[in-house]
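Chain residues, written in single-letter form:
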Amino acid sequence: MFVMELSYTAPVEAVEEQMDAHIAWLDGYYASGVFLASGRKVPRDGGVILAGGVSRAEIEKIADEDPFTVAGVCAYRITEFIATKTSGDLSTVRETLPN
């Protein structure tokens, strides 16, 4: 599983110009089951996406396709973790530790 942390590299006004395209991009990955949760950071200097079911290489490619990335208004920090404990709602993405 991955925590995708976005940090804005441009003023919020420039980010807002890309928001509709960014939301459409999010919706596509929610529909495919890759994205599990997302939202703005507080204070509003970026956002966070929780994702799973893909490889590190795939998640990096997905981040590169974000309209925010393409427009140069954000940078990603991607952290991989093994979700060994989850709420019941996320039980389908629960993982086991490797041997």
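Each remark here, short or long, concerns the structure printed above.
Residues numbered from 1 in each chain as written. Predicted model: local features only at pLDDT ≥ 70, side-chain atom pairs only at ≥ 80, totals over all residues. Heavy atoms only, no water.

Chemist: Got a sec to walk through the overall build of the chain? Specific residues and values, please.
Modeler: The secondary structure content of the chain amounts to 4 helices and 4 strands. Starting at the N terminus and ending at the C terminus, the chain contains elements arranged as β-α-α-β-β-α-α-β. Taken over C-alpha atoms, the radius of gyration comes to 14 Å for the chain, in line with the 13 Å a tight globule of 99 residues would show. Each principal axis of the C-alpha distribution contributes one length, and for the chain these read about 45 × 25 × 25 Å. A burial count over the chain gives 31% of its 99 residues as buried. Put simply, 63% of the contacts in the chain that link residues at least 6 apart link residues at least 24 apart. When the accessible area of the chain is evaluated, it comes to approximately 5,900 Å², of which 54% is carbon and sulfur surface. Here the chain contributes 8 positive and 15 negative side-chain charges, whose respective centroids are spaced 8 Å apart. (Helix = DSSP H or I, 4+ residues; strand = E, 2+ residues; numbered from the N terminus. Rg over C-alpha atoms; globule rule 2.2 N^0.38 Å. Buried < 20%, exposed > 50% of the residue type's maximum accessible area, 1.4 Å probe, protein only. Contact = heavy atoms within 4.5 Å. Areas by Shrake-Rupley, 256 points an atom, 1.4 Å probe, with all protein chains shown as cover. Lys, Arg positive; Asp, Glu negative; His and termini not counted. Charge placed at Lys NZ, Arg CZ, Asp CG, Glu CD.)

Chemist: Would you mind going over helix α3 (residues 56–65) in detail, with residue names and values included?
Modeler: Considered for burial, the residues of α3 that qualify are Ile59, Ile62 and Ala63. The buried residues of α3 occupy an angular sector of 100° when the element is viewed end-on, so they sit on one face. Of the exposed residues in α3, those oriented more than 90 degrees away from the buried face are Ala57, Lys61 and Asp64. Contact partners of the buried residues in α3: β1 (2–8), α2 (19–31), β2 (35–40), β3 (46–51), α4 (67–70) and β4 (74–80). (Arc of directions from axis to C-beta.)

Chemist: Kindly report on the pairing of β2, identifying the contributing residues and their values.
Modeler: Bridge analysis of β2 against β3 gives 5 bridges, and the strand direction is antiparallel. When the bridges of β3 are listed, Ala37 appears paired with Leu50. Counted along the chain from β2 to the antiparallel partner β3, the turn is 5 residues long. (Pairing = 2+ DSSP bridges.)

Chemist: For the pairing of β3, give the residues involved together with the corresponding values.
Modeler: Pairing geometry for β1 and β3, over 6 bridges, is antiparallel. Among the inter-strand pairings, Met4 is bridged to a residue of β3, identified as Ile49.

Chemist: Just give me the short version of the nonpolar core, but keep the residues and values in it.
Modeler: Counting residues in hydrophobic clusters, the biggest one holds 20 residues, and the most contacted among them are Met4, Phe35, Ile59 and Phe68. Residue assignment for this core shows that the elements contributing at least two residues are β1, α2, β3, α3 and β4. (Core = buried A, V, L, I, M, F, W, Y, C linked by side-chain atoms within 4.5 Å.)

Chemist: Could you give an account of the pattern of salt bridges, with specific residues and numbers?
Modeler: Within this structure, the stated rule accounts for 7 salt bridges. With its nearest N and O atoms 3.0 Å apart, the salt bridge here joins Lys41 to Glu5. With a gap of 36 residues between them, Lys41 in the loop between β2 and β3 and Glu5 in strand β1 connect regions that are remote in the sequence. The buried category is assigned to Lys41, whose relative accessible area is 15%. Between Arg77 and Glu5 there is a salt bridge whose closest N-O contact spans 3.7 Å. Placement of Arg77 in strand β4 and of Glu5 in strand β1 is noted, with a sequence separation of 72 residues between them. Given the relative accessible area of 56%, Arg77 is considered exposed. When salt bridges that share partners are traced, they join Glu5, Lys41, Asp45 and Arg77 into one network. (Salt bridge = Lys/Arg side-chain N within 4 Å of Asp/Glu carboxyl O.)

Any link to function would need more than the numbers given here.
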